[in-house]
Amino acid sequence: MNVTIVDYQSGNISSVINSFTEVAKGKVNIEITSDIKKIKSSDKIVLPGQGSFKSCVNSLNSINGLVDTLKEFAITNKKPLLGICVGLQMFADIGYEEAETRGLGWIAGKVSKIDNQKGKFKLPHIGWNEIEIQKESKIFKDIKNKSHMYFVHSYEFIPEDKAVISATTDYSSKIVCAVEKDNLFGTQFHPEKSDKIGLKIINNFLKL
Amino acid sequence: MLKNRIIPCLDVKDGRVVKGINFVELKDAGDPVEQAKIYSDGGADEICFLDITASNENRETIIDIVRKTAKECFVPLTVGGGVRTIQNITDLLLAGADKVSINTSAVKNVDFVKEASKKFGSQCIVVAIDAKKVSENKWEVFTHGGRNKTGINAVDFAKKVEENGAGEILLTSMDKDGTKSGYDVDLLKTITNSTNIPVIASGGVGSLDHLYDGIVKGGASAVLAASIFHYGEYKIKDAKEYLNSKNVSVRL
């Protein structure tokens, strides 16, 4: 099996590479690339994302044919894709970080700044928070409800169809922290930085 | 709910872990990669490396340590010390650091913080502020590991780095560092009340109730400590169980 971590200059993806490599341990071939051909021929895709929504979308768009290839992979061919952090946020139609920016439009919804209740909650939301599992998700196999995951973000994905939400976390309000829609998976938290439990989520994705 | 973080800090000099007593007298406490692994296996919420060699010729040493550690520890890794350029940050992130901590360079030129957070995202830019009390409720920023006085008010500076895109503040009390007499709670309270980004408390931990004070009295989002963990006085687990028993929420 070939799994591609999309390297589109979206900031620091070393930790994603390290953790996937650790979990894959030779059983699964991990490729780190933005090469369209390689992406097309892979079995699964990981779409990381750090920095702002706008900068990530711009980076994706700056690689010729990448967005169309990802769309064909995930939407037309319905092959498994996992978005992490801004990688998940980009599934949305629109994001409001820095400037209003169009997302990939794969899951209807928007990405807005977390309402920190006039400073009552510090932003970014950094650290370990419990996830509340909202529906069964393949990547949550053997993951207990209220498990701790590592977060670092100031914006949240608000999908129109609440049925896609697989987990939320409590920070000023119930923030969407994981989604599953058919073959599309996304986590707002960083499984690659969430200790053994995070590696388990990665393992679940690799075993799909 | 968001948990309070416990961050063991490893001061690294020439590739070895040391802990400064008031930043001057140094003792050897072992191999950084091995130590980081012990902490991460023991439940540390993050690991922090502070490179106190920080001279240009030795940058490869810390990068190598980061590279090795990042392959074994799957919790966030922050690295600070001698971070002066965008290239320094790129090198550390590529080696596997998740965040970098900027100290002297942020004081010299706050635009560096802005540039770095714009390029890499606020989530990976921590500004380390070393502060020393100059009069009642007044603290000043020091640089170069506490050697140089800047005349800059610590509260004003904390607000300024927040405005310029810092994602977190790592606040060290120079008066308390190495004394084991507890954090400067007044300093912490003042900074946490005047900023809206998370503050990591540092400098002075000698016992577990100091961690409690940093979080509950000082308002810190995370507590950093070095020597109490290095010499085996306490395990990360002891600290977490203690805080939990006092109703401070931690990741157990």
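Thresholds applied
Per-chain numbering applies: the sequence of each chain, read as written, is numbered from 1 onward. Chains and ligands are labelled by the order in which they are written, letters from A for the one and numbers from 1 for the other. Confidence filtering applies because this is a predicted model: local features only for residues at pLDDT of at least 70, side-chain atom pairs given and counted only at 80 or more, and all residues used for totals across whole chains, interfaces and linings. Values reported for side chains reflect all heavy atoms of the structure, with hydrogen atoms and water molecules removed beforehand. Only Phe, Tyr and Trp rings take part, Trp by its six-membered ring, and two of them pair if their centres are within 6.5 Å. Stacked means planes under 30 degrees apart, edge-to-face means over 60, and tilted covers everything else. For the purposes of this entry, the term helix denotes a DSSP run of H or I that reaches at least four residues, the term strand denotes a run of E that reaches at least two, and both are numbered from the N terminus. In this scheme, a residue with accessible area under 20% of its type's maximum is buried, one over 50% is exposed, and one in between is partly exposed, where area comes from a 1.4 Å probe on protein chains only. A ring has a charge above it when a Lys NZ or an Arg CZ is no more than 6 Å from the ring centre and no more than 35 degrees off the ring normal. Side-chain atoms alone can form a polar contact between residues adjacent in sequence; in general such a contact is a pair of N or O atoms within 3.5 Å, and within protein one must be able to donate a hydrogen while the other accepts it. Only strands joined by at least two bridges in the DSSP assignment are considered to pair. Interaxial angle, 0 to 180 degrees, is taken between N-to-C directions of lines fitted to C-alpha atoms, where a helix line uses only the stretch in contact. A contact between two residues is defined here by any heavy atoms of the two lying within 4.5 Å. Once two parts are put together, the accessible area they lose, assessed with a 1.4 Å probe and summed over both, is termed the buried area. Salt bridge criterion: a side-chain nitrogen from Lys or Arg within 4 Å of a carboxyl oxygen from Asp or Glu. What is meant by a nonpolar core is a set of buried Ala, Val, Leu, Ile, Met, Phe, Trp, Tyr and Cys residues, joined one to another through side-chain atoms within 4.5 Å.

Undergrad: Would you mind showing me how to read the packing of aromatic side chains here?
TA: Residue and element names in this part refer to chain A. One pass over the full model with this rule turns up six aromatic pairs over all chains. With 5.7 Å between their ring centres and 35 degrees between their planes, Phe-91 and Trp-106 make a pair best called tilted. Residue Phe-91 is located in the loop between α5 (86–89) and β5 (94–95), and its partner Trp-106 is located in the loop between β6 (101–102) and β7 (109–113); the two are separated by 15 residues in the primary sequence. Pair check on accessibility: Phe-91 and Trp-106 agree, each one buried. Taking the centre distance of 6.1 Å and the plane angle of 75 degrees together, the rings of Phe-185 and Phe-205 count as edge-to-face. In this pair, Phe-185 sits in strand β13 (residues 184–187) while Phe-205 sits in helix α6 (residues 195–207), placing the two residues 20 residues apart along the sequence. Phe-205 carries the same exposure label as Phe-185, and that label is buried. Positioned above the aromatic ring of Phe-205, the side-chain terminus of Lys-44 is 5.7 Å from the ring centre.

Undergrad: Could you clarify how one ought to interpret the environment of A:Glu98 in this entry?
TA: Residues and elements named next belong to chain A. Mapped onto the elements of the fold, Glu-98 is located in the loop between β5 and β6. Between the C-alpha atoms of Glu-98 and Lys-162, which are 64 residues apart in sequence, the distance is 26 Å. In terms of polar contacts, Glu-98 uses its side chain to reach the side chain of Ser-52, at 2.5 Å.

Undergrad: What is the right way to look at the sheet that holds β6(A) in this model?
TA: Note: strands within a sheet are paired through backbone hydrogen bonds, in either parallel or antiparallel orientation. All names here are of chain A. If you walk across this open sheet you meet the four strands as β6-β5-β7-β10, and the pairing is mixed. Edge positions in the sheet fall to β6 and β10 (155–159), since each has one partner strand and no second. For β5 and β6, the ladder comprises two bridges, and the chain directions are antiparallel. Its bridge partner being in β6, Gly-95 is matched across the sheet by Thr-101.

Undergrad: For this particular structure, what's the right way to read unusual backbone geometry?
TA: Trans peptide bonds make up most of the peptide bonds, and negative phi angles are found at most residues other than glycine. Residue A:Pro124 follows A:Leu123 across a cis peptide bond; omega there is 0 degrees. Position of A:Pro124 among the secondary structure elements: in the loop between β7 and β8 (125–133). Located in the positive-phi region is A:Lys78, a residue other than glycine, with phi close to 50 degrees. Tracing the sequence through the fold places A:Lys78 in the loop between α4 (66–76) and β4 (81–84). Accessibility expressed as a relative area gives 47% for A:Lys78, which makes it partly exposed. Even without glycine at this site, B:Asp14 takes up a positive phi of about 50 degrees. Among the structural elements, B:Asp14 can be located in the loop between β1 (5–13) and β2 (16–21).

Undergrad: I'm lost on the sheet that holds strand β3 (residues 44–47) of chain A in this one. Help?
TA: Residue and element names in this part refer to chain A. One open sheet accounts for nine strands, arranged β2-β1-β3-β4-β13-β12-β11-β8-β9; its pairing is mixed. The open sheet has two edge strands with one neighbour each: β2 (29–33) and β9 (148–153). With direction set aside, neighbouring strand axes in the sheet form an average angle of 30 degrees. Bridge count for strand β12 (residues 173–181) against β13 is four bridges, and the pairing is antiparallel.

Undergrad: What's the story with the interface of chain B and chain A in this structure? I'm lost.
TA: Much of the literature gives interface size as the accessible area that the parts lose upon coming together. In this assembly, 36 residues from chain B lie in contact with 30 residues from chain A. Regarding the contact of chain B and chain A, the summed buried area is about 2700 Å², with carbon and sulfur atoms giving 50% of it. Three residues, B:Leu2, B:Phe74 and B:Gln123, lead the burial of chain B against chain A; their summed loss comes to 28% of the area buried on that side. In this structure, the connection of chain B to chain A is made through four salt bridges. A salt bridge links A:Asp195 to B:Arg251; the nearest nitrogen and oxygen atoms lie 3.2 Å apart.

Undergrad: Help me understand the pattern of salt bridges in this model?
TA: When the charged atoms of two side chains with opposite charge come close together, those side chains can pair. Here the structure, examined in full by the defined rule, presents 25 salt bridges over all chains. The shortest N-O distance in the salt bridge between B:Asp45 and B:Arg251 comes to 2.9 Å. Here B:Arg251 lies in the segment after α10 (236–245) and B:Asp45 lies in the loop between α1 (32–41) and β4 (47–51), a separation of 206 residues in the sequence. By relative accessible area, which is 0% here, B:Asp45 ends up buried. Of the charged contacts in the structure, one is a salt bridge between B:Lys149 and B:Glu140, with a shortest N-O distance of 3.2 Å. Using a relative accessible area of 9% as the deciding quantity, one classes B:Glu140 as buried. It is possible to trace a salt-bridge network through shared partners that takes in A:Asp195, A:Lys196, B:Asp45, B:Lys240 and B:Arg251.

Undergrad: What exactly am I supposed to notice about the nonpolar core here?
TA: As a rule of thumb, soluble globular proteins bury nonpolar side chains together. Of all hydrophobic cores here, the largest spans 76 residues; its most connected members are B:Phe49, B:Val66, B:Ile89, B:Leu171 and B:Leu211. If you look at the next biggest cluster of nonpolar residues, it comprises 60 residues, including A:Ile39, A:Leu66, A:Tyr155 and A:Val164.

In short, the description is geometric, and any link to function would need to be established separately.
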